[in-house]
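Residue-level listing of the chains:
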Amino acid sequence: MECQECQKRPATVHFSQVVNGEKSEVHLCEYCAQEKGYMDQYNQNFSFQDLLSGLFNFDSGTSFKESQSSSYQRQNALQCDKCGMTYEEFKSLGKFGCEHCYETFDQHLNPIFRRVHSGNTTHNGKIPKRVGGNLHLKRNLQQYRLELQKLVEKEQFEEAAKMRDQIRELEKQLSEDKGGDA
Amino acid sequence: MSLQQFISKAVSPWLKEEAEDSDIVLSSRIRLARNFKEYPFPIVADSDKLKKVLEVFEDHFENQSIGKDAKLELIRMTDLEPIEKRVLVEKHLISPQLTEHNDAGAALISQNEQVSIMLNEEDHIRIQLYYPGLQLENALDYASKIDDWLEEKINYAFDRDRGYLTSCPTNVGTGMRASVMMHLPALVITQQINRMIPAINQLGLVVRGIYGEGSEALGNLFQISNQITLGKSEEDIVEDLKSVVKQLIEQERYARRRLMSNSSIQLEDKVFRSYGILSNSRIIESKEAANCLSDVRLGIDLGLIQNISKTILNELTILTQPGFLQQYAKKPLKAEERDVRRAALIRERLHLEKM
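On a predicted model such as this, the values are computed, not experimentally measured, just so you know.

Draft legend 1. Just the packing of helix 10 (residues 286-301) of chain B against helix 11 (residues 312-319) of chain B, in detail. Residues and elements named next belong to chain B. Between helix 10 and helix 11, whose axes approach to 9 Å, the crossing angle comes to 165 degrees. Here helix 10 is positioned roughly antiparallel relative to helix 11, judged by the angle of their axes. Our pair here, helix 10 against helix 11, has a crossing hand that is right-handed. Listed contacts from helix 11 to Leu293, Ser294, Arg297 and Ile300 of helix 10 are Ile312, Leu313, Asn314, Leu316 and Thr317. Class assignment for the residues of the contact of helix 10 with helix 11 results in five nonpolar, three polar and one charged.

Rendered as structure tokens:
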């Protein structure tokens, strides 16, 4: 399809326009779309990477004023001391350089994760056997405590007593682990 | 090499098995992204560090077995010719990204080609494995076992709050991408799929064409996968995906029955025209081939075409890719030459069925 405007280049920008309730289809090439002001420079070659770094920029100062303040400059000077990646680089690449970057940029990560993962910011899945240590036990303990609460609410006291014993057992294991570490 | 031999080498053994719902779901895949704690991620690491990653696998996992039939062979990207790399990509055993740039890229691939562990791709480790049909739980189970096995020797980058740490923020948490490949011709013919895709997207799932991001659905094949990796457990992610896939299967079956009862002669015509094209054409582009193959597969599923094996869609979809055509021809081919070869290969393959 040719561009409606110049009728030379292929149309790559397609949209429908509604003016006074009249709907019309518009097909333009990128050049004419820009000329006519339908597209701003920033939207050129919009890729997934841009999309990501766009998300990141969101978090760096919500207002122009803030973006000029010193906190903004400090934030951009953030650099991972393990792999050398700066926050600026992270934003433009959309990729972490190493596991330590997660710690270095931690204060900025929640808004990013929330956007990418439907509001979630903490892991709720598998825990590695070795590296995870006693995290397994801790998560089980949390789970059991929730269940105990439910059982008590439902007045299922016999079940609740069993659950309480299991919790005690876990707590004992955890305190022994700690003793081992020390 | 005869075509029969070539096919038997080209099609991964796991793909030939029949499984539950395999008339609509061609395959289930689980991918886990993992990284070493000690080394920077491949995007910034120098090649010395990446070679250390490779060494760990050479020392502990190369030529080891994970269950029966699953001896792992380490394939280094530097040892492969461009066509060989392309063939592995077309078999979905490695990603295009792995074949680019770095000299420390490698893959541990099991003999039956069900398991492939990519090394030094975007992350240090990408475990991926396939099952025929809809078997996401089995795939997750197996992937998790391999993950545990690797963890015995590797200190994973893991954080109690963020989970498995990955190079891209879109993978953090479980590091898991679960996906299924579905053949949905009736939903495409009845144009219902266009309404369904936005609804599926709202559930945190992504619908793509067969060759990944941005690709259009060639031959009515769709890949459906989870978008969210943080905050949900692996089991929940798989369960959510499975329930959507189950509904799509139901809808597709229903649409097929409706088509058969309302417009069976039109459907039969479409199927046999495509069969005619595949059996007789002398030049065929990949897009046309994919669409005709989809029709023929639908015809087989509906019992309109008999005496052709169901696996023909899976087989020929892979075999008619540029890399395979060139491997079969044993030389690089121009696009026009490939279209001629493709037509010949399909005719020959269909002829095998008649014998």
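Draft legend 2. Examining empty space enclosed by the protein more closely. Residues and elements named next belong to chain B. Taken as a whole, this structure holds three cavities of 30 Å³ or more when the rule is applied. For the largest cavity, the lining is made up of 13 residues, of which Glu17, Glu18, Ser22, Thr311 and Asn314 are closest to its centre. Its residues assigned to classes, the lining of the largest cavity shows four nonpolar, four polar and five charged.

Draft legend 3. Geometry of a nonpolar patch on the surface. Together, Leu93(A), Ile43(B) and Val44(B) line one region of the surface with nonpolar side chains, adding up to about 200 Å² of accessible area. Its relative accessible area of 33% is what places Leu93(A) among the partly exposed residues.

Draft legend 4. Looking closely at the interface of chain B and chain A. Taken together, the contact pairs 42 residues of chain B with 36 residues of chain A. Contact between chain B and chain A buries roughly 3,300 Å² in total, counting both sides, with carbon and sulfur atoms accounting for 58%. Considering only the side of chain B, the residues that lose the most area to chain A are Glu151(B), Arg162(B) and Pro169(B), jointly responsible for 20% of the buried surface there. At the boundary of chain B with chain A, the tally comes to six salt bridges. Salt-bridge contacts for Glu122(B) lead to Lys95(A); the nearest nitrogen and oxygen are separated by 3.4 Å. At the boundary of chain B with chain A, the tally comes to 25 residue pairs in polar contact (both at pLDDT 80 or more). Looking at the side of chain B that touches chain A, the elements that each hand over two or more residues are helix 5 (136-151) and strand 7 (163-164) of chain B.

Draft legend 5. Expanded view of the nonpolar core. Residues and elements named next belong to chain B. Within the largest apolar cluster, 64 residues are counted, with the highest numbers of intra-cluster contacts made by Ile30, Phe57, Ile117, Ile125, Leu150 and Met182. Each of two domains, domain 1 (1-8 + 27-170) and domain 2 (259-352), supplies a minimum of three residues to this core. Aside from chain neighbours lying at most four places away, what touches isoleucine 117 is Phe57, Ala106, Ala107, Leu108, Ile125, Arg126, Ile127, Ile146 and Leu150. Leu3, Ile305, Leu316 and Leu319 belong to the second-largest nonpolar core, a separate cluster that totals 36 residues.

Draft legend 6. Expanded view of the pattern of salt bridges. A complete count under the given rule lists 34 salt bridges over all chains for this structure. Residues Glu99(A) and Lys37(B) are paired through a salt bridge, measuring 3.4 Å at the closest nitrogen-oxygen approach. Taken together, the residues span two chains, with Glu99(A) in helix 6 (residues 99-104) and Lys37(B) in the loop between strand 1 (25-34) and helix 2 (47-60). Note on Glu99(A): relative accessible area 10%, which makes it buried. Judged by relative accessible area, which is 37%, Lys37(B) ranks as partly exposed. Across the pair Asp123(B) and Arg126(B) runs a salt bridge, and its minimum N-O distance is 2.9 Å. Per residue, the accessibility class of Asp123(B) equals that of Arg126(B), and both read buried. A single network of salt bridges, built from pairs that share partners, joins Lys95(A), Glu121(B), Glu122(B), Asp123(B) and Arg126(B).

Draft legend 7. Region of the structure containing the confidence of the model for chain A. Residues and elements named next belong to chain A. On average, chain A scores 77 in pLDDT, and the residues at 70 or more come to 75%. Element-level mean pLDDT values for chain A span from 43 in helix 3 (residues 64-68) up to 94 in helix 6. In the predicted structure, residues 41-45 sits below a pLDDT of 50 and forms five contacts with residues beyond four places in sequence or in another chain. This stretch, residues 59-70, has a pLDDT under 50; its non-local contacts, to residues over four places away or in other chains, come to nine contacts.

Draft legend 8. A look at the UniProt feature "domain: UVR" (unreviewed entry) in chain A. The feature "domain: UVR" (unreviewed entry), as annotated in UniProt, sits at residues 138-173 of chain A in this numbering. The annotated region residues 138-173 of chain A carries 92% helix and 0% strand content, and the separation between its end C-alpha atoms amounts to 10 Å.

Draft legend 9. Molecular detail of the domain arrangement of chain B. Residue and element names in this part refer to chain B. Assigned domains of chain B: these are domain 1 (1-8 + 27-170) and domain 2 (259-352). Distance between the C-alpha centres of domain 1 and domain 2: 31 Å. Opposite the 11 residues of domain 1 that make contact, domain 2 presents 17 residues. Summed over both sides, the interface between domain 1 and domain 2 buries roughly 1,300 Å², with carbon and sulfur atoms accounting for 77% of that surface. Seen at the junction of domain 1 and domain 2, the total is zero salt bridges. Our count for the contact surface shared by domain 1 and domain 2 stands at two residue pairs in polar contact (both at pLDDT 80 or more). At the level of secondary structure, the elements contributing two or more residues to the side of domain 1 that touches domain 2 comprise helix 1 (3-10) and helix 3 (82-90).

Draft legend 10. Structural detail: helix 7 (residues 193-202) of chain B. Residues and elements named next belong to chain B. Residues Ile193, Met196 and Ile200 constitute the buried set of helix 7. In an axial view of helix 7, the angular spread of the buried residues amounts to 60 degrees, which keeps them on one side of the axis. With respect to the buried face of helix 7, the exposed residues turned more than 90 degrees away are Asn194, Arg195 and Gln202. Residues of helix 7 that are buried make contact with helix 6 (185-189), strand 9 (205-209), strand 10 (221-226) and helix 8 (234-262). At the exit of helix 7 stands glycine 204, carrying a positive phi of roughly 80 degrees.

Calculation criteria
- Residues numbered from 1 in each chain as written.
- Chains lettered and ligands numbered in written order.
- Predicted model: local features only at pLDDT ≥ 70, side-chain atom pairs only at ≥ 80, totals over all residues.
- Heavy atoms only, no water.
- Axes fitted to C-alpha atoms, helices over the stretch in contact; angles between N-to-C directions.
- Helix = DSSP H or I, 4+ residues; strand = E, 2+ residues; numbered from the N terminus.
- Parallel < 35°, antiparallel > 145°, perpendicular 65-115°, else oblique.
- Left-handed = near helix turned anticlockwise from the far one by under 90°.
- Contact = heavy atoms within 4.5 Å.
- Nonpolar A, V, L, I, M, F, W, Y, C, P; charged D, E, K, R; others polar.
- 1 Å grid on protein atoms, 1.4 Å probe; cavity = no way out; pocket = protein on both sides within 12 Å on 5 of 7 lines; lining within 4 Å.
- Points joined across faces, edges and corners; volume = space filled by probe spheres on them.
- Patch = residues over 30% accessible without salt bridge, like charges linked within 9 Å, V, L, I, M, F, W, Y side chains within 5 Å.
- Areas by Shrake-Rupley, 256 points an atom, 1.4 Å probe, with all protein chains shown as cover.
- Salt bridge = Lys/Arg side-chain N within 4 Å of Asp/Glu carboxyl O.
- Buried < 20%, exposed > 50% of the residue type's maximum accessible area, 1.4 Å probe, protein only.
- Buried area = accessible area lost by both parts, 1.4 Å probe.
- Polar contact = N/O pair within 3.5 Å; in protein donor to acceptor, adjacent residues only side chain to side chain.
- Core = buried A, V, L, I, M, F, W, Y, C linked by side-chain atoms within 4.5 Å.
- Domains from an automatic or database assignment.
- pLDDT = per-residue confidence, 0-100.
- UniProt positions renumbered as here; feature names shortened; annotations may be inferred.
- Arc of directions from axis to C-beta.

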